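# Report on the structure
What follows is the residue order along each chain.
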Amino acid sequence: MLAKSSQRGRPVESLTAHLAATLAAADALAERVGRIEVVEKTLGELFWQVVRWAALSHDAGKIADGFQDMLAGRSAAWGQRHEVLSLGFLPLLIDNELLRRWVAFGVVTHHRALASSPDGAGKPSIAQTYGHGGLPLADFRARIGPVDQAVAAELARWLAGTAMSAGLPTLGPATAPDVVASAHALLDETLRYWDEQGWAGHDHDLAAILVQGAVTLADHLSSAHGTLHRTQPIAPGFVTRLAGDFAASGRALHRHQEQARDVRGHLLLRAPTGTGKTEAGLLWAAGQVAELMATVGGVPRVVYTLPYLASINAMARRLGRLLGGDEVTGVAHSRAASYHLATAISAEDENAAATPGTADEDARRVAAARKAVSRAAATRLFRETVRISTPYQLLRGALAGPIHAGIVVDSANSVFVLDELHAYEPVRLGYILATAQLWERLGGRVAVLSATLPTVLAELFTQAMRSPVQAVSADPGCVPPRHRVRIRDHTLISPDAIAEMRGRLVAGESVVVVANNVAQAQQLYDALAPSARARHHDSPDGTDPDAAILLHSRFRRVDRSHIERRIIGRYGTQARAAGRGRGGLVVATQVVEVSLDVDFDVLFTSAAPLEALLQRFGRVNRLGRRAAADVIVHPAAFGPRRGDPTRRDYADGVYLREPVEAGWRILCGHDGQSVDEVQAGGWLDSIYVTVWGQAWWAEVDRERARFHDDFLSFSEPYADRIPLTDRFDELFDGTEAIIQDDLASYETALGLAGQRPVGRLLADDYLIPMPAYAARLARLDHRLGVRVVNGEYDEEYGLTKVNAVEGARYRLGEVF
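These lines cover the structure that appears in this document, whether it is placed above or below. (Residues numbered from 1 in each chain as written. Predicted model: local features only at pLDDT ≥ 70, side-chain atom pairs only at ≥ 80, totals over all residues. Heavy atoms only, no water.)

### Some remarks on the pairing of strand 14 (residues 602-606)
Our working definition: Accessible area is worked out with a 1.4 Å probe on protein chains only. A residue is then buried under 20% of its type maximum, exposed over 50%, and partly exposed in between. Only DSSP runs of H or I covering at least 4 residues are called helices, and only runs of E covering at least 2 are called strands; the numbering of each starts at the N terminus. The criterion for strand pairing is that DSSP finds at least two bridges linking the strands in question. Handedness of a crossover is defined as follows: orient the strands so they point away from the viewer, and if the path from the first strand over the helix to the second runs clockwise, the crossover is right-handed.
Counting buried residues along strand 14, 5 of its 5 residues qualify, which places the element largely inside the surrounding structure. Of the two faces of strand 14, both are covered, the one formed by V602, F604 and S606 as well as the one formed by L603 and T605. As defined by bridge partners, strand 11 (residues 510-514) adjoins strand 14 across 4 bridges and the pair is classed as parallel. Across the sheet, V514 pairs through a bridge with T605, a residue of strand 14. Here 4 bridges tie strand 14 to strand 15 (residues 629-634), and the two strands are oriented parallel to one another. Bridged to S606 within strand 15 is H634. Taken together, strand 14, helix 27 (residues 610-617) and strand 15 form a β-α-β motif whose crossover is right-handed.

Structure below.
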């Protein structure tokens, strides 16, 4: 009997080998997660017995002749659900009614929803396929087709023996079982119980999702032959090691780091950039890990979230250095494989013997891509106990079902560090707060870290959590004044502003200019780059290629990675500390706010919300080893967005007028003064007590409640959540496309490896994040599975224009 065929390059796997491997994966998961207190009201101490029994028996129904013929290529698709037939073994082996009922749920829902969504979208559910429990036995038997009773009896004996060896309660081996009739009866019972059970409240709903998540995760782990790390590097030993590293470099822990280390429970930490905020969060996490291990067992996971992909990639490298290697930490975001590929290629560049564009170079990239795809796949199966992620990857747990319920299981008894929570707009922030409430129900601990955290956000977080939240703040004056505010009365793109920037460049300073939109960034770069290059002329042709760099979101992935490495090499804090810092120019958009560990001499920026401006200030005089550096703020231009029916005013087409104007008034009141970064929180508070701030509060709280009610109540567990998936994707999925001129190169990259996921990763180097309007101008290439735009692109300037593409509009009769 087979569980897996040899198709798509995978080896043949016998049914009993797969079932045993899935049980072993469930055992590893139980050791990893520990005792989940929230399910004890529903299942007592039976939870992991349910999961282990379901893992052992989940694919038993694959013994059907129709399924085996399909795997062997002797017939077309079987057309029935093997997990339904798997139910037939449970009454023969499990006497405890409560245990058997919940094992049945775990088995029958590990691929498909038990019931359809209200609008009938999605794949046919189990209930829909088998007549909602009203299908006569004769019809059910005809659908399932022949099942060899001798094989069923042999498998039942194997299941009983394996269960006994694993310490699972069992009735012992059955003789001559009619598993088809048994499956029919238990399916009817399961559907009836699901329909009659009041799932809301009493944590029954969450227990149901956790069972499904644990079983499907164990199945996915065994199918991928994956493993789970069983140690946590951020443990008490980490505290000792970090203190030793500090002492060796002549530093001591700040008071707020010591206080964070001693907190037990949720944490709210305010600390300026450069005062060890990250280390404080990790010290807190180590304490939570130790306490959770002592109370519920397992190996708590530590998940560190950041709002931007580039900042996540930088944090992954930083934690790799702190924890002893890149293999210790996982990167969980939509482009994780691209990150691993860029890291591998960058690490090999210095010693690479291959010439770019040659077959050797292609082979090197293919090999690196295979490793990157494998590494990203392992992280998707939660291999590492330390992961860096966007919150959106964690929010997907709200979608539950066979695909996403594993996220909920992994969240149980985990430790979450949410860095720079202020960076999210109200809808997403409300969703994150609602999800933090779920983590708390699951036994998790949550910390919020920020250099610029307004009191209103601290109150929202505190009110969302059931358990107390302990607040820790850095001492006033813990860092010397690093920035001096300078206000100008002309916009960032005015001739006077450009002339002042040129003067700083000619003086040999390192200058960062932050515009609010891509068009202005490109315009400023065009005006300033010649001056920067003329000042620095180290290369043979009389120019320095890194003296002027443009960075924004509209670059190809591969080009943006290269640009970020160039910026770090010239302006990074490590280069500055080592005396390798140089003058020059970087023009950027808000992508620079929290993504790069850089240190410039002076900042020029357009007005923006105060939180964003304080983050931009942090890119200047970051090490605090110089006198307070100038941060020069220019007024924004206000007007409505094209096509916006509300006709509300936005700063440079990006930020709402009200918070930008409120921040501008505050900064004007401090023109010429140095910034006390700890007390700057008071500036933020004065913005959020305005009418706009009160409306912001109400919107966040409304969205938190809506996400909880719509996504996290799980009032009908095991029902298809396709409509919710569509709503979620509409909110969080951005648009990426390639330009028409890259289409041939994209196709070539797709075919380089001979494996679609690897080729797709290599081809993704050509993807460019697109503005919203460009999505309407793109056409979908159905053959290659990519959007294409007729765009004008330059490796130095990025995407400069998007034109309409023939075929971008729907054509009558076209099938998507």
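### A closer look at the pattern of salt bridges
Applied cut-off: A side-chain nitrogen of Lys or Arg and a carboxyl oxygen of Asp or Glu constitute a salt bridge if their distance falls within 4 Å.
Counted according to the given criterion, the structure contains 49 salt bridges. Between R445 and E291 there is a salt bridge whose closest N-O contact spans 2.8 Å. Pair noted here: R445 is in strand 8 (residues 445-450) and E291 is in helix 15 (residues 277-295), with a separation of 154 residues, a long-range link. Exposure remark for R445: the relative accessible area of 14% places this residue in the buried category. Taking the shortest distance from any N to any O, the salt bridge between D630 and R486 comes out at 3.2 Å. In this pair, D630 sits in strand 15 while R486 sits in strand 10 (residues 483-487), placing the two residues 144 residues apart along the sequence.

### Focus on empty space enclosed by the protein
We apply this condition: Points on a 1 Å grid, built from protein atoms alone, make a cavity when a 1.4 Å probe fits but cannot get out and make a pocket when they are open with protein on both sides within 12 Å along at least 5 of 7 lines; residues with an atom within 4 Å of a point are the lining residues. Grid points are joined across faces, edges and corners, and a volume is the space filled by probe spheres set on the points. For this classification, Asp, Glu, Lys and Arg are treated as charged, while Ala, Val, Leu, Ile, Met, Phe, Trp, Tyr, Cys and Pro are nonpolar and the rest, including Gly, are polar.
Scanning all chains against the criterion turns up 3 cavities of 30 Å³ or more. Taken as a whole, the largest cavity holds about 110 Å³ of empty space. P272, T273, A451, T452, H483, L614, Q615, F617, G618, V675, E677 and A680 are the residues that line the largest cavity. Looking at which element gives the most residues to the lining of the largest cavity, the answer is helix 27, with 3 residues. The residue makeup of the lining of the largest cavity, split by class, is 6 nonpolar, 5 polar and 1 charged.

### Digging into the packing of aromatic side chains
Condition: Two aromatic rings, drawn from Phe, Tyr or Trp (for Trp, its six-membered ring), form a pair once their centres lie within 6.5 Å of each other, and the interplanar angle then sorts them: stacked below 30 degrees, edge-to-face above 60, tilted otherwise.
On inspection of all chains with the given rule, the structure shows 14 aromatic pairs. Taken together, a centroid distance of 3.9 Å and an interplanar angle of 5° make the contact between F416 and W439 stacked. Pair noted here: F416 is in strand 7 (residues 415-419) and W439 is in helix 21 (residues 426-441), with a separation of 23 residues, a long-range link. Each member of the pair, F416 as well as W439, carries the same accessibility label: buried. Here the aromatic residues W102, F105, Y193 and Y718 are joined through ring pairs into a cluster of three or more.

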